[in-house]
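Topology and contacts: notes
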Amino acid sequence: PAQTPAAQPPGAQPPAAQPPEPTPPPARLPFPPDATYAYVDLARVASESLDGQEANRRVQTLSAQKLQVLEGRTVELQASQQTLQQNANVMSAEAQLQLQRDIERMTREIQRMSEDADTELAELQQTVQIEFQQKLVPAIDRVAASKGLQFIFSAGDGGLIWATPALNITEDVVAE
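To keep things clear, this report deals only with the structure shown in the data block. (Residues numbered from 1 in each chain as written. Predicted model: local features only at pLDDT ≥ 70, side-chain atom pairs only at ≥ 80, totals over all residues. Heavy atoms only, no water.)

Once that is clear, we can look at the overall build of the protein. Helix and strand counts for the protein come out as four helices and two strands. For the protein, the succession of helices and strands along the chain, N to C, is β-α-α-α-β-α. The buried share among the 176 residues of the protein stands at 23%. Of all intrachain contacts in the protein linking residues separated by at least 6 positions in sequence, the fraction that spans at least 24 positions is 82%. (Helix = DSSP H or I, 4+ residues; strand = E, 2+ residues; numbered from the N terminus. Buried < 20%, exposed > 50% of the residue type's maximum accessible area, 1.4 Å probe, protein only. Contact = heavy atoms within 4.5 Å.)

The first and last C-alpha atoms of helix 2 (residues 50-87) sit 55 Å apart over 38 residues, in line with the 56 Å expected at 1.5 Å per residue. Buried residues of helix 2: Gly52, Ala55, Val59, Leu62, Leu70, Arg73, Leu77, Ser80 and Leu84, and no others. The secondary structure elements touched by the buried residues of helix 2 are helix 1 (42-48) and helix 3 (93-147). (Expected span 1.5 Å × (residues − 1).)

Now for the nonpolar core. Membership of the largest hydrophobic core comes to 16 residues, with the highest contact counts inside it found for Phe31, Val45, Leu136, Leu149, Ile169 and Val173. Of all the secondary structure elements, the ones that give two or more residues to this core are strand 1 (37-40) and helix 3. The contacts of Ile169, once residues within four sequence positions are left out, are Arg28, Phe31, Ala38, Tyr39, Val40, Val143, Lys147, Leu149 and Ile152. Of all hydrophobic cores here, the second largest spans seven residues; its members include Leu70, Leu77, Met106 and Ile110. (Core = buried A, V, L, I, M, F, W, Y, C linked by side-chain atoms within 4.5 Å.)

Moving on, we come to the packing of aromatic side chains. Evaluation of the coordinates by the stated rule reveals one aromatic pair. Ring geometry for Phe151 and Phe153: centres 6.2 Å apart, planes at 15°, overall stacked. A residue is classified by how much of its surface remains accessible, and Phe151, at 49% relative accessible area, is partly exposed. The class of Phe153 is partly exposed, set by a relative accessible area of 42%. The ring of Phe31 has Lys147 sitting right over it, with the charged end atom 4.7 Å from the ring centre. (Phe/Tyr/Trp six-rings, centres within 6.5 Å; stacked < 30°, edge-to-face > 60°. Lys NZ or Arg CZ within 6 Å of the ring centre and 35° of its normal.)

What follows is about the environment of Leu124. Following the sequence through the fold, Leu124 ends up in helix 3. Counting along the chain gives 65 residues from Leu124 to Val59, while the straight-line C-alpha distance between them is 6.7 Å. Excluding anything up to four places from it in sequence, Leu124 contacts Arg58, Val59 and Leu62.

A cluster of nonpolar residues, Tyr37, Phe151 and Phe153, forms a patch on the protein surface that exposes about 330 Å² of accessible area. Turning to its location among the elements, Phe153 is positioned in strand 2 (residues 151-154). (Patch = residues over 30% accessible without salt bridge, like charges linked within 9 Å, V, L, I, M, F, W, Y side chains within 5 Å. Areas by Shrake-Rupley, 256 points an atom, 1.4 Å probe, with all protein chains shown as cover. Salt bridge = Lys/Arg side-chain N within 4 Å of Asp/Glu carboxyl O.)

This is how it looks when you write it as structure tokens:
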């Protein structure tokens, strides 16, 4: 037999489904007082620390600027190509040849601009990485000294397979 929903008075709304409560992040385990080693997730430090976020913002800003310039030049190139296609029958041979040369020149310029932008972005990424490292190492040193650590392993480089979350000092390094 088919089941029918319970009868509701006319105009009554069915009860709204309650969305599930978001699960709070697990509580951080206390760091063992006798531990002489710990681990840190450097990718998290880079993404969550103020210095890492600033470095990322600088790279993204430059990338967006370069992309905007390249897109503008590409629009100009496409407009010239469209002009050549649409007006090829009514243009003089000299005008067609000049427009083709202009299109070739713009294509080379865009290619060079793209290569220059890639180089400039790579140089900035290298610079911000060095600057970040110069701030990261002293922060790790301070956390290690405050906890009396002799070893700190990197969690993201493939060498650390498992460790108790209590030995994770990532949040401490981010805060430092």
